[in-house]
Amino acid sequence: MGENMCVAAFENQRDRDRIWLGSPWHVSKNDVVLAEFEDYMRPDEVKFARLHVWARVPNLPYNLRDVSWGKLIAQQIDKDATSVQFDHVGGYMRARVSIDVAKPIRRWILLDSARRKKVDMYDIQYEQLPYFCFSCGRLGHSELYCPTP
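Presented here is a report on the structure given in the accompanying data block. Fair warning: this is a prediction, and the values are worked out from it, not measured in the lab.

Cut-offs applied
Residues numbered from 1 in each chain as written. Predicted model: local features only at pLDDT ≥ 70, side-chain atom pairs only at ≥ 80, totals over all residues. Heavy atoms only, no water. Helix = DSSP H or I, 4+ residues; strand = E, 2+ residues; numbered from the N terminus. Buried < 20%, exposed > 50% of the residue type's maximum accessible area, 1.4 Å probe, protein only. Contact = heavy atoms within 4.5 Å. Areas by Shrake-Rupley, 256 points an atom, 1.4 Å probe, with all protein chains shown as cover. Lys, Arg positive; Asp, Glu negative; His and termini not counted. Charge placed at Lys NZ, Arg CZ, Asp CG, Glu CD. Phe/Tyr/Trp six-rings, centres within 6.5 Å; stacked < 30°, edge-to-face > 60°. Lys NZ or Arg CZ within 6 Å of the ring centre and 35° of its normal. Salt bridge = Lys/Arg side-chain N within 4 Å of Asp/Glu carboxyl O.

1. As for the overall build of the chain
(1) Moving on: Across its full length, the chain carries 2 helices and 8 strands.
(2) Moving on: Helices and strands appear in the chain in the N-to-C order α-β-β-β-α-β-β-β-β-β.
(3) Moving on: Viewed in the frame of its principal axes, the chain has a C-alpha envelope of about 55 × 40 × 25 Å.
(4) Moving on: Expressed as a percentage of the 149 residues in the chain, the buried residues total 33%.
(5) Moving on: By sequence separation, contacts in the chain at least 24 residues apart represent 53% of the contacts at least 6 residues apart.
(6) Moving on: Per element, the accessible surface of the chain, about 10400 Å² overall, is 52% carbon and sulfur.
(7) Moving on: A gap of 8 Å separates the mean positions of the 21 positive and 20 negative side-chain charges of the chain.

Right, dumping it as structure tokens:
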């Protein structure tokens, strides 16, 4: 469909969902950004703006390790976050989020705890991120090749 753009057609919804929910996909350590479109759209109208990934928030207090709190915490990363899970052995919350590929990724969240009487910072860990720059926080290049170190 153009430079670095292709269309995939699926025979059924199950196959499409398997690809969509299995992301992020990579080609040579570069991310493959998926976008839904309608057949009446022009190629320049399709926006490849969001990458779907799994995010983890480790070291949460025990009283926040349930699905209702997990949804609220995940919505701080992405307001449309889905599929909140807890790994009680690993001690982290895991949620399906989408991140804007044009912006620096979010590295932490703040949680105000009434019971702890303070605001705590919690790291966000992303699973299977492609090239990522620790300097500027953007996807698509490493720190070695950062245009704005």
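2. Some words on the packing of aromatic side chains
(1) Moving on: Within the structure shown, the criterion is met by 0 aromatic pairs.
(2) Moving on: The side chain of arginine 56 reaches across the aromatic face of tyrosine 92, ending 4.2 Å from its centre.
(3) Moving on: The ring of tryptophan 54 has arginine 94 lying over it, and the distance from NZ or CZ to the ring centre is 3.9 Å.

3. Quick notes on the environment of tryptophan 69
(1) Moving on: By secondary structure assignment, the location of tryptophan 69 is in helix α2 (residues 67-77).
(2) Moving on: The class for tryptophan 69 is partly exposed, based on a relative accessible area of 41%.
(3) Moving on: The sequence separation of tryptophan 69 and methionine 93 amounts to 24 residues, and the corresponding C-alpha distance is 9.9 Å.
(4) Moving on: Each residue touching tryptophan 69, except ones within four places of it in the same chain, is listed here: Asn63 and Leu64.

4. What to know about the pattern of salt bridges
(1) Moving on: As enumerated under the stated definition, the model contains 8 salt bridges in all.
(2) Moving on: Arginine 16 serves as the salt-bridge partner of aspartate 17, at 2.9 Å between the closest nitrogen and oxygen.
(3) Moving on: Aspartate 17 sits in the partly exposed class, given a relative accessible area of 27%.
(4) Moving on: Judged by its relative accessible area of 19%, arginine 16 is buried.
(5) Moving on: Linking arginine 94 and glutamate 127 is a salt bridge whose minimum nitrogen-to-oxygen distance equals 2.8 Å. Of this pair, arginine 94 sits in strand β5 (residues 92-100) while glutamate 127 sits in the segment after β8 (125-126), and the two are 33 residues apart along the sequence.
(6) Moving on: Each of Arg16, Asp17 and Glu36 takes part in salt bridges that share partners, so that together they form one network.

5. As for the environment of glutamine 85
(1) Moving on: On the secondary structure map, glutamine 85 appears in strand β4 (residues 82-87).
(2) Moving on: Spatially, the C-alpha atom of glutamine 85 lies 9.2 Å from that of lysine 71, the residues being 14 residues apart in sequence.
(3) Moving on: Discounting residues that sit within four places of it in the chain, glutamine 85 has contacts with Trp54, Tyr92, Met93 and Arg94.

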